[in-house]
Amino acid sequence: MSDMQLNTKVVKFGGSSLADASQFRKVKDIITADETRRYVVPSAPGKRHSNDIKITDLLYTSQKLAASGKDFSEPLSMIRSRYLEIAQELGLSFDPTEELDRIAARLKDGATKDFAASRGEYLNGLLLADFLGFPFIDAAEVICFNESGTLMMPETMAKLRDRLKDTPQAVIPGFYGAGPSGEIITFSRGGSDITGSLVARAARAEIYENWTDVSGVLVADPRIVKDAAVINTITYEELRELSYMGATVLHEDAIFPVRAAGIPINIRNTNDPAAPGTMIVAGDSAESDALTGYTITGIAGKKGFCAINIQKAMMNAELGFCRKVLTVLEEMEISFEHMPSGIDTMTIILAEDMIKGREKTVLSRIRKAVEPDSCEIEHGISLLAVVGRGMRRTRGTAARIFAALAHARINVKMIDQGSSELNIIIGLLDGDFEAAVRHIYDMFVNSALKTEENSEN
Ligand code: ASP
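The rules behind these values
Residues numbered from 1 in each chain as written. Predicted model: local features only at pLDDT ≥ 70, side-chain atom pairs only at ≥ 80, totals over all residues. Heavy atoms only, no water. Helix = DSSP H or I, 4+ residues; strand = E, 2+ residues; numbered from the N terminus. Buried < 20%, exposed > 50% of the residue type's maximum accessible area, 1.4 Å probe, protein only. Areas by Shrake-Rupley, 256 points an atom, 1.4 Å probe, with all protein chains shown as cover. Lys, Arg positive; Asp, Glu negative; His and termini not counted. Charge placed at Lys NZ, Arg CZ, Asp CG, Glu CD. Axes fitted to C-alpha atoms, helices over the stretch in contact; angles between N-to-C directions. Parallel < 35°, antiparallel > 145°, perpendicular 65-115°, else oblique. Left-handed = near helix turned anticlockwise from the far one by under 90°. Contact = heavy atoms within 4.5 Å. Pairing = 2+ DSSP bridges. Expected span 1.5 Å × (residues − 1). Bend = angle between axes of the 7 residues up to and from the residue. Disulfide = S-S within 2.5 Å.

Draft legend 1. Representation of the overall build of the protein. Regarding its fold elements, the protein presents 15 helices and 14 strands. Judged by the C-alpha coordinates and their principal axes, the protein covers about 80 × 65 × 40 Å. Out of the 457 residues in the protein, the part that is buried amounts to 50%. For the protein, the accessible area works out to roughly 21200 Å², and carbon and sulfur atoms hold 50% of it. Where the 51 positive side-chain charges of the protein centre and where its 63 negative ones centre are 2 Å apart.

Draft legend 2. Focus on unusual backbone geometry. One non-glycine residue, F175, lies in the positive phi region at around 85°. Relative to the helices and strands, F175 is located in the loop between β3 (170–171) and β4 (176–178). With relative accessibility at 2%, the residue F175 sits in the buried group. You will see that R204, though not glycine, has its phi angle at about 50°, which is positive. Following the sequence through the fold, R204 ends up in the loop between α7 (192–202) and β6 (207–212).

Draft legend 3. Fine view of the packing of helix α2 (residues 55–67) against helix α5 (residues 113–132). As a packed pair, α2 and α5 sit with axes 8 Å apart at the nearest point and diverge in direction by 150°. Accordingly, the angle class assigned to the pair α2 and α5 is roughly antiparallel. Crossing angle aside, the handedness with which α2 passes α5 is right-handed. Residue-level contacts link I55, T56, L59, Y60 and Q63 of α2 to K113, A116, A117, R119, G120 and E121 of α5.

Draft legend 4. Highlighting the pairing of strand β12 (residues 374–387). Of the pairings in the sheet, the one linking strand β10 (residues 298–311) to β12 comprises 11 bridges and is antiparallel in character. Residue N309 lies in a different strand from β12, and its bridge partner there is E376.

Draft legend 5. Expanded view of α5. With 20 residues, α5 should reach 28 Å at 1.5 Å per residue; the first-to-last C-alpha distance of 30 Å fits that figure. At R119, α5 shows its maximal bend, which comes to roughly 30°. Of all 20 residues in α5, 17 are buried, a share of seventy percent or more. Following α5 by one or two positions, G133 adopts a phi angle in the positive range, close to 75°.

Draft legend 6. Quick look at the state of the cysteines. Under the counting rule described, the total for this entry stands at zero disulfides. The thiol of C306 is unpaired, and the distance to the nearest cysteine sulfur, on C375, comes to 11 Å. No disulfide involves C322; its sulfur sits 13 Å from the nearest other cysteine sulfur, which is in C375. Looking at C322, the relative accessible area reads 31%, which means it is partly exposed.

Just distances and angles here, no functional claims.
Now the structure itself:
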């Protein structure tokens, strides 16, 4: 890799960042403000307003109609006008008409779902490359999948590195690549995040900037906590915990390529480029960082769980009790989330979806396996995760969480603290979920802000 590429930022822009011509202008300003922003990975145009339809969805719809021999002119003309409008408003020299005709012809000829969906990023990449004056690299030439659709990492790295070494700046569309015989294959939805991560790794970038429409990862879901604070720094592990519990930030598979190479991810807001956003870093580099000052990093959670409550006198003394119950679940291919237990009781917390329609069978098989005194299912349970690397070195965090819940008269059904001391998971009734998030947020964030204000006065 040449010296020139030592200072490299890879920038990925999500669909809302490229939804229309005015968003394209913001993107160009961001890129030209920093000459180390060399490699640009765009998504397809997203929603311009809440009732809008994403180009990717219009492409899927067109393909579905085309595949069943139906008329797809309506979604196709919506796609056409979106791209033509962007090109015209920006005064581009590139005219997308020919490419759009080619896509229509391919759809008529029975294009695959993946091919159709990939054209959203492909065309947007062509428009953006023209607008920026950067070369265009077709992702089909550098992102490699095997015949079963799995990404081939070494081949992808080799191809990307080979192309990037002579190309100091480029636009590489996100979301797709090609299989062994050149057929287009996409990642799962939101997969442009993965392309950005792969390009960052191949370019040995100093940072992977992921530009979106929020000013970073928030401490809590803004639909529950209005004006939730932004997390300044979060570790990959913490992000994984929060994402698993429902926080939607990045595509799950986007973390691994950069994490393995020690490249931090910076979540940024295209509509507020001055905001520093959230840095996602490795655990050891975060240790020396100033914490947010809240002890906790984030709160996330999900509804839709249930509990299988099993009771039997002297359960604890019965050898193999737990194994027998878990064997029933394993045989029915049911995975569970948590298993708190007492001397004579055992509870298994699992997603409702796992046992929907099979409740009676599960109960009767458990009854047969361990002959409990009682065994029943309790529905309507939520799980809430309080995540934070700061909890390891701060005493009293659990006390503060449960004081907040007690104060709000919320009944806690389960508590689970992982051995990493990175998170505390709490089981609650669905009806208490939102209030619990708000009270914990208040306890850690709002009260910390008040303390700060007081010490400034
Ligand atoms: N355009 C694709 C989607 O809507 C991929 C992406 O935006 O990352 O899922």
